[in-house]
Amino acid sequence: MAGKEFKFIHISDLHIGREITKKYSFLDPDQEIRVRRSPIKVLDNLVALAEEEEPDFILLAGDTFDDDMPSSDNYFKKFKNFLKKLDQLNIDIYIVLGNHDVDSDLLTSFEAKKLPENTYVFPAKNADTFTIDNFKVAIHGQSYPKKVVTEKLVEKFPKPVRDFFNIGLIHTSYENTYKLDETHNYAPTNKAMLDKCEYNYWAFGHIHKREILIQDPYLAVYPGNPQGLSTKPSETCNDISDGKGCYLVEVKNFEPELTFKTLDDARFFTAVTEVKKDQDISEIVNNTVKKIESIQNENPGKFLMITVELEGKSDYYNLILEEELLTSLNEELEYEDLNIIKCINKLKPSTKEDSLEAIESIVTELEGLDIDDLENFINETVFEHLTKKEFKKNLNKKFGILPKSIPLTEQKVISDEIDEQESSEIINNSIKIASRIINGLSYKDD
Ligand SMILES: [Mn+2]
């Protein structure tokens, strides 16, 4: 017996209220506002999608709010406003609470009848079933009763309603696929448990990476979060061409068909630059800029937060400062909808022969310098470019040379009165230290 055609949207883990920008304080003010608003912007995008697609209902599988959210909070009011807009569009919404929003006022407001009529929040005490007779749909769900739920809630889910399209709505860690530690392995489910329920569709939330876990004979789906929240792999768009969002599910003759729909406004990416051994910093910057511009072309209209990683073997592996690279890239790439948020130098030293060649060039440079130039060399090249703070400390201890921020006139050892012997001693020691560092050794003699 065939049911009516219907369609719904499956979304989860909005984490409204999460302050994404706390860690990225160097975004300029306009950028900061845009990124901070991105989780709430998802609601506007979802309303626009609902107007376009006219789904019959929406399923929200937990972690709507990032934290305890009182009904007096602005974010809560905005969410309530979103529910009202859906109500005006005649779209129902079914919600369960997850570990993040269990202490929000969502369920209590629903029970106090303070939410619009189109909204149903599943109880926390036990699983419940909501049937939509018109479409022959039965939605079974349960909210979290507490933050840490180790019980297998699905084991007590109701029997399927015969001849209905049965949907299970739950915030869960499925098969512990992502090797979550005990404290995050919430309301665990596995295939055997789901098989037993004989439902048609499992609408999951919790894991932020989208994934279709089971395709046949029923669907089990994580839509992922609709807005990336950090630089963690599950939050980035590195492996997904269409960003983050939700699933539109169209059901004909009880056969569900999934279409992914984008809802995000800001995207995290990692741009990996493969460095060849003798490429200098300007070549590395140029190649990275090209990589970033191609990401930009593939993500029009989105705000991009990019982590740059340098990989490979390089003669200059320890001469490239992450902070300096970050500054030069952000200077090269002055777009209002893009920011390089982090640079990570994962370069390894080249072969010993290559390193020796690099040392030789330093030696030659050092030997050709007079005292003033040597001073400058040590200050500019060594202090500015060598990454190891301890090296500076050591140099300071050994020669009484202080970091550049302290005027040179206050430094005792290196001065105009320095004699030939002292000068050559400094050169030799500098060479020794530089060579050890270039070889990846400790600066100490041991
Ligand atoms: Mn969660």
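Residues numbered from 1 in each chain as written. Predicted model: local features only at pLDDT ≥ 70, side-chain atom pairs only at ≥ 80, totals over all residues.

## What about the overall build of the protein chain?
Tallying secondary structure elements over the protein chain gives 10 helices and 16 strands in all. The buried share of the protein chain, reckoned over its 446 residues, is 38%. (Helix = DSSP H or I, 4+ residues; strand = E, 2+ residues; numbered from the N terminus. Buried ≥ 20, exposed ≤ 12 C-beta atoms within 10 Å, placed from the backbone.)

## Some remarks on the packing of helix α1 (residues 29-53) against helix α2 (residues 74-88)
At a minimum axis distance of 10 Å, the contact between α1 and α2 shows a crossing angle of 0°. Comparing the axis directions of α1 and α2 gives the class roughly parallel. Here I40, L43, V47 and A50 of α1 come into contact with α2, specifically with Y75, K78, F79, F82, K85 and L86. Its residues assigned to classes, the contact of α1 with α2 comprises 8 nonpolar, no polar and 2 charged. (Axes fitted to C-alpha atoms, helices over the stretch in contact; angles between N-to-C directions. Parallel < 35°, antiparallel > 145°, perpendicular 65-115°, else oblique. Contact = placed C-beta atoms within 7 Å. Nonpolar A, V, L, I, M, F, W, Y, C, P; charged D, E, K, R; others polar.)

## Quick look at the nonpolar core
Residues I58, I167, L169, W202, A203 and F204 are the most contacted members of the largest nonpolar core, which totals 67 residues. When sequence neighbours within four positions are dropped, the list of residues in contact with W202 reads G168, L194, L219, A220 and V221. Within the second largest apolar cluster, 28 residues are counted, among which are I20, L229, F268 and M305. (Core = buried A, V, L, I, M, F, W, Y, C linked by C-beta atoms within 7 Å.)

## What about the confidence of the model for the protein chain?
Averaged over every residue, the pLDDT of the protein chain is 84; residues scoring 70 or more account for 76%. Here residues 442-446 is a poorly scored stretch, pLDDT under 50, and it has 8 contacts once near neighbours within four places are set aside; other chains count. (pLDDT = per-residue confidence, 0-100.)

## Regarding the sheet that holds strand β3 (residues 92-95)
With mixed pairing, the 6 strands of this open sheet are ordered in space as β4-β3-β2-β1-β11-β12. The open sheet terminates on both sides in strands that have one partner only, identified here as β4 (119-121) and β12 (255-262). Shown here is a sheet whose adjacent strand axes are inclined to one another by a mean of 20°, direction ignored. In this sheet, β12 lies alongside strand β11 (residues 245-252) in antiparallel orientation, the contact comprising 8 bridges. Residue pairing across strands places V251 opposite P256, the latter belonging to β12. (Pairing = 2+ DSSP bridges.)

## Re the sheet that holds strand β10 (residues 219-222)
Strand order across the open sheet formed by 6 strands is β5-β6-β7-β8-β10-β9, with mixed pairing between neighbours. Each having just a single partner strand, β5 (128-132) and β9 (211-214) make up the two edges of the open sheet. The mean inter-strand angle of the sheet, taken between neighbouring strand axes irrespective of direction, is 20°.

## Side note on helix α5 (residues 281-298)
Look at α5: 26 Å from first C-alpha to last across 18 residues, which is about the 26 Å you get at 1.5 Å a residue. Buried within α5 we find I284, V285, T288 and I292. Taken end-on, α5 shows its buried residues confined to a sector of 95°, consistent with a single buried face. Across from the buried face of α5, at angles greater than 90 degrees, the exposed residues are S282, K290, S294, N297 and E298. Looking at the buried positions of α5, the neighbouring elements they touch are β13 (266-275), β14 (303-314) and α6 (322-332). (Expected span 1.5 Å × (residues − 1). Arc of directions from axis to C-beta.)

## Considering unusual backbone geometry
For the bond from D216 to P217, the omega torsion is 5°, close enough to zero to count as cis. Following the sequence through the fold, P217 ends up in the loop between β9 and β10. Positioned with a positive phi, F254 is a non-glycine residue whose angle comes to about 65°. Note that F254 resides in the loop between β11 and β12. Taking the number of C-beta atoms within 10 Å as the measure of exposure, F254 has 15 and is therefore partly exposed.

## Section: the pairing of strand β6 (residues 137-141)
In terms of residue burial, β6 counts as a mostly covered element, since 5 of its 5 residues are buried. Taking every second residue as pointing to the same face, both faces of β6 are buried, with V137, I139 and G141 on one and A138 and H140 on the other. Bridge count for β5 against β6 is 5 bridges, and the pairing is antiparallel. The residue bridging D128 from the neighbouring strand is G141, located in β6. Taking the residues that link successive antiparallel strands as the turn, the β5-β6 hairpin has 4 residues, and the phi of K136 there is positive, at about 55°. Sheet topology places β6 next to strand β7 (residues 165-171); 5 bridges connect them, and they run parallel.

## Brief notes about the pairing of strand β15 (residues 338-345)
The buried count for β15 comes to 6 of 8 residues, which makes it a mostly enclosed element. Bridging between β14 and β15 involves 7 bridges; their strand directions are parallel. From the neighbouring strand, T307 faces β15, where its bridge partner is K342. In the classification by handedness, the crossover that spans β14, the intervening α6 and the parallel β15 is right-handed. (Right-handed = clockwise from strand over helix to strand, strands pointing away.)

## Some points on the environment of K191
Here K191 is to be found in helix α4 (residues 191-197). Considering only alpha carbons, one finds K191 and Y174, 17 residues apart in sequence, at a separation of 8.2 Å. Residue contacts for K191: discarding those within four places in its chain leaves E175 and I214.

## Remarks on the packing of α5 against α6
Contact geometry of α5 with α6 gives a least axis separation of 10 Å together with a crossing angle of 55°. As judged from the angle between their axes, α5 and α6 are oblique. By crossing handedness, the relation of α5 to α6 is classed as right-handed. Of the residues in α6, those in contact with V285, T288 and V289 of α5 are S328, L329 and E332. Looking at side-chain class alone, the contact of α5 with α6 contains 3 nonpolar, 2 polar and 1 charged residues. (Left-handed = near helix turned anticlockwise from the far one by under 90°.)

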